[in-house]
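Read off the chains here:
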Amino acid sequence: MSGMTIIIKTVTRIIVGFLMAYGIYIVLHGHLTPGGGFAGGVIVAGSFVLFLLSYGEREGYNKMRKTIVSFFEGFGGVVFLTVAVLGIIGGVFFNNFIEKGEPIKLFSAGIIPVCNIAIGIKVACALFAIFVTFLLLEE
């Protein structure tokens, strides 16, 4: 797959940034609004997939290498597990060890935003890896 027309590539170049920003917004505000790590991760993965479909395999693989995707997927899982295990210090698995802030503020939910970020990274990388695997199996 060599990519699409110049019109599709131009529109994709514009849209991908907005999709990424929206996905990151959903991840960061998941404890305040509907959404969270999984939903934001799916949106971010969708932006990667859109880029890969528009620009072709060669350009897409140059931007997002397998080692980078694999590293960040593992990193997201390790961060999530670390937060869960650090709660044991307080006596319970997933105990909130970060001080809660003022309600309805961005930093008001203790460990939940950290978990959302970790899940968002893991889901985005995993879904992109699944898409690439299916793409390679097609050949």
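Refer to the structure presented above.
On a predicted model such as this, the values are computed, not experimentally measured, just so you know.

J.: Provide a residue-level description of the overall build of the chain, including the pertinent values.
T.: Broken down by element type, the chain carries five helices and zero strands. Secondary structure elements of the chain, listed N to C terminal, follow the sequence α-α-α-α-α. Across its three principal axes, the chain shows a C-alpha extent of roughly 55 × 30 × 20 Å. Across the 139 residues in the chain, those meeting the buried criterion constitute 32%. If you take every contact in the chain between residues at least 6 apart in sequence, the share linking residues at least 24 apart comes to 66%. In the form shown here, the chain has an accessible surface area of approximately 8700 Å², with 73% of it arising from carbon and sulfur atoms. Averaging the coordinates of the 9 positive side-chain charges in the chain and doing the same for the 7 negative ones gives two points 5 Å apart.

Parameters at a glance
Residues numbered from 1 in each chain as written. Predicted model: local features only at pLDDT ≥ 70, side-chain atom pairs only at ≥ 80, totals over all residues. Heavy atoms only, no water. Helix = DSSP H or I, 4+ residues; strand = E, 2+ residues; numbered from the N terminus. Buried < 20%, exposed > 50% of the residue type's maximum accessible area, 1.4 Å probe, protein only. Contact = heavy atoms within 4.5 Å. Areas by Shrake-Rupley, 256 points an atom, 1.4 Å probe, with all protein chains shown as cover. Lys, Arg positive; Asp, Glu negative; His and termini not counted. Charge placed at Lys NZ, Arg CZ, Asp CG, Glu CD.

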